[in-house]
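# Observations on the three-dimensional arrangement
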Amino acid sequence: MNKNDNITVGKYLVSPITKPLENGWYACSVSIRTGTGSGTHDRVLRLTRLFKDQIAAVGYATAEGLRWIGHHNPAAQGPALAAL
């Protein structure tokens, strides 16, 4: 996970996670975190699509995280969205 790929939307922190596989493809997940301290809640969604490059995996995971929280603004800011 690269901290530059994290996106804050309201009370949510959306963090794409990628993992290189032995066959050269990339798997991805997305962490959706709310709260702080002992009140932190983190939901991790493991996504099933595989990607040939890490940038595409980050973009997909970010888009899925934003979709999960109901964020539909394509003009959202964040380095990870540049790949979308």
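Below you will find a few notes about this structure. (Residues numbered from 1 in each chain as written. Predicted model: local features only at pLDDT ≥ 70, side-chain atom pairs only at ≥ 80, totals over all residues. Heavy atoms only, no water.)

### Some thoughts on the packing of aromatic side chains
Tallying each qualifying case throughout the model produces 1 aromatic pair. Centroid distance Phe51 to Tyr60: 5.2 Å. Interplanar angle 45 degrees. Geometry classified as tilted. The exposure class assigned to Phe51 is buried, which follows from its relative accessible area of 8%. Looking at Arg49, its charged tip hangs above the ring of Tyr60, at a distance of 4.8 Å from the centre. (Phe/Tyr/Trp six-rings, centres within 6.5 Å; stacked < 30°, edge-to-face > 60°. Buried < 20%, exposed > 50% of the residue type's maximum accessible area, 1.4 Å probe, protein only. Lys NZ or Arg CZ within 6 Å of the ring centre and 35° of its normal.)

### Section: the pattern of salt bridges
For the coordinates displayed, the defined rule picks out 2 salt bridges. In this structure, Arg33 engages Asp42 in a salt bridge whose closest nitrogen and oxygen atoms are separated by 3.1 Å. Residue classification places Asp42 among the partly exposed residues on the basis of a relative accessible area of 34%. A salt bridge links Glu64 to Arg67; the shortest N-O distance between them is 2.9 Å. With Glu64 and Arg67 both in helix α1 (residues 54–68) and 3 residues apart, the pair spans about one turn of that helix. (Salt bridge = Lys/Arg side-chain N within 4 Å of Asp/Glu carboxyl O. Helix = DSSP H or I, 4+ residues; strand = E, 2+ residues; numbered from the N terminus.)

### A look at the pairing of strand β2 (residues 12–20)
The sheet contact formed by strand β1 (residues 7–9) and β2 spans 3 bridges and is antiparallel. Looking across to β2, one finds that Val9 is bridged to Tyr12. Once β1 ends, the chain turns through 2 residues before running back antiparallel as β2, passing Gly10 with a positive phi of about 60 degrees. Across 9 bridges, β2 lies against strand β3 (residues 26–34) in antiparallel orientation. Each bridged residue has a counterpart across the sheet, and for Tyr12 the counterpart in β3 is Thr34. If you look at the hairpin formed by β2 and β3, you'll find 5 residues sitting between the two strands, and Gly24 has a positive phi there, around 95 degrees. (Pairing = 2+ DSSP bridges.)

### Describing α1
Its 15 residues place the ends of α1 21 Å apart at the C-alpha level, agreeing with the 21 Å of an ideal helix rising 1.5 Å per residue. Of all the residues in α1, the buried ones are Ala57, Val58, Gly59, Ala61, Thr62, Glu64, Gly65 and Leu66. Packed against the buried residues of α1 are β1, β2, β3 and β4 (41–51). The opening residue of α1, the one whose side-chain oxygen lies 3.2 Å from the backbone nitrogen of Ile55, is Asp53. (Expected span 1.5 Å × (residues − 1). Contact = heavy atoms within 4.5 Å. Polar contact = N/O pair within 3.5 Å; in protein donor to acceptor, adjacent residues only side chain to side chain.)

### Here we look at the sheet that holds β2
In spatial order, the strands read β1-β2-β3-β4; together these 4 strands make up an open sheet with antiparallel pairing. Each end of this open sheet is capped by a strand with a single partner; those strands are β1 and β4. Direction aside, the axes of adjacent strands within the sheet are offset by 25 degrees on average. Its contacts with the sheet place α1 against β1, β2, β3 and β4, and it is angled at close to 35 degrees to β3. (Axes fitted to C-alpha atoms, helices over the stretch in contact; angles between N-to-C directions.)

Take it as geometry only, folks, not as evidence of what the structure does.
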